[in-house]
Amino acid sequence: MIVYENHEGKRITLNKRPYKLLNIDDLYDIDRDYTRKNGRITSLNNGTSEKSIEMDVLSRKDISWKDAYEEMQNIFSTDIFLQIPGKLYVGDYYLECFIYAILPKSINLTHPYVTCTLKIISDEFIWLKPTRHTYLSTDALPGSHHTKRYPYMYPFRYQARVGAGTLFNPVSFSSHFQMIFYGAIKNPVVVINDHVYGVDTEVSENEYLIIDYSSEHKREIKLHKRDGSIEGKFNERNRQSGVFTKIEPGKSSVQWSGNFTFDIILYEERSQPKWI
């Protein structure tokens, strides 16, 4: 499936009637920018060029093509007005982007469809596939009262129960991530391969804290409170080790106090989505 989801979570399936994709070649093109110094290539990146796809908007028994076109335009426009990108999904991968233009051509109001071109722009054309790994509080695990104490030299070294697990990153390079701590917990700390990820703050019951390093453009720490408000916690981050450090490839050890549950979401990055 090829789906666009705006920042409000409203979704539109672009390859399902009343929408019919005609040409998505641009999504699979890789066109990198590069810099050269003294005749040698010094850097490569995916650049910020735009892409486009071509589609038909069709009439259906329950909706005219004009209404379907209007619905599509409203979903795209919400992101543009607030300047918050949406997500274009191709299979399991998504691209953070704006669909900033719809260009219809050869409009004939008597026809049951219209052909148009969608213009897409992104900070960087990197496709992401998130994979969630959940680590439960030892209170939630069978036999947790028998958990062995480990002599780790971290803030939880004196706890009677300590969490220990592993994390496998299947790609061949270090990955961006999100780390989500679920309350109640005070000053949560997770150690991955001896690297400390921690925030000096309190997370109450039914609240959660997110370290968001899902891309080079995201370096945020936010507390999502029970009343629906969001509070920035960037200045409360652990400054000694650096919480915005990518997670290494392969198998890593994961250690924490054991008295809270948290998720790690790893982001696989590609210059193009996998074929669907």
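Here the structure is a predicted model, which is why all the values come from computation and not from measurement.

Caption draft 1: Structural context of the packing of aromatic side chains. This structure, assessed with the given rule, holds 14 aromatic pairs. Judged by centre distance (5.1 Å) and plane angle (90 degrees), the ring pair of Tyr-4 and Phe-76 falls under edge-to-face. Here Tyr-4, found in strand β1 (residues 2–5), pairs with Phe-76, found in helix α2 (residues 65–82); they are 72 residues apart in sequence, far enough to count as distant. Taken together, the ring pairs in this structure connect Tyr-135, Phe-181, Trp-256, Phe-260 and Phe-262 into an aromatic cluster. Over the ring of Tyr-89 we find Arg-11, and its NZ or CZ is 5.5 Å from the ring centre. One residue, Arg-270, lies across the ring of Tyr-93, its end atom 5.7 Å from the ring centre.

Caption draft 2: Quick peek at the nonpolar core. By size, the foremost hydrophobic cluster in this structure holds 31 residues, and its most contacted members are Leu-14, Met-72 and Phe-76. Of all elements in the fold, only β1, β3 (19–23), α1 (25–28), β6 (51–58), α2, β7 (86–90), β8 (93–105) and β9 (113–121) reach the threshold of two or more residues within this core. If we ignore the near neighbours within four places in the chain, the residues touching Met-72 are Ile-12, Tyr-19, Met-55, Val-57, Ile-102, Cys-116 and Leu-118. In terms of nonpolar packing, the next biggest core, distinct from the first, is built from 25 residues, Tyr-135, Leu-167, Val-243 and Phe-260 among them.

Caption draft 3: Here's a closer look at the environment of Leu-14. By the element assignment, Leu-14 lies in the loop between β2 (11–13) and β3. Separated by twelve residues in sequence, Leu-14 and Ile-2 place their C-alpha atoms 5.7 Å apart. Beyond its immediate sequence surroundings of up to four residues, Leu-14 is in contact with Ile-2, Tyr-4, Tyr-19, Lys-20, Leu-21, Ile-53, Met-55, Phe-76 and Leu-88.

Caption draft 4: Molecular detail of the pattern of salt bridges. On inspection of all chains with the given rule, the structure shows 13 salt bridges. One salt bridge connects Glu-8 with Lys-10, and the closest N-O pair in it is separated by 3.7 Å. Residue Asp-62 pairs with Arg-60 through a salt bridge whose shortest N-O separation is 2.7 Å. By relative accessible area, Arg-60 is classed as partly exposed at 36%.

The rules behind each value
Residue positions are given per chain, counted from 1 along the sequence in the order it is written. Local features in this predicted model are restricted to residues whose pLDDT is 70 or higher, and side-chain atom pairs enter the listing and the counts only when it is 80 or higher, whereas totals over whole chains, interfaces and linings include all residues. Heavy atoms throughout the structure, all of them, feed into the side-chain values; hydrogens and water do not. In this analysis, rings of Phe, Tyr and Trp, with Trp reduced to its six-membered ring, are considered paired at centre separations within 6.5 Å, and the interplanar angle assigns stacked below 30 degrees, edge-to-face beyond 60, and tilted for intermediate values. A helix here means a DSSP run of H or I that spans at least four residues, while a strand means a run of E at least two residues long, and both kinds are numbered starting from the N terminus. The rule is short: NZ of Lys or CZ of Arg within 6 Å of the ring centre and within 35 degrees of the ring normal puts a charge over the ring. By convention a nonpolar core is built from buried Ala, Val, Leu, Ile, Met, Phe, Trp, Tyr and Cys residues, the set being connected through side-chain atoms within 4.5 Å. Each residue gets one of three labels from its accessible area relative to the maximum for its type: buried under 20%, exposed over 50%, partly exposed in between, using a 1.4 Å probe on protein chains only. Contacts are assigned to residue pairs that have any heavy atoms within 4.5 Å of one another. Salt-bridge detection follows one rule: a side-chain nitrogen of Lys or Arg within 4 Å of a carboxyl oxygen of Asp or Glu.

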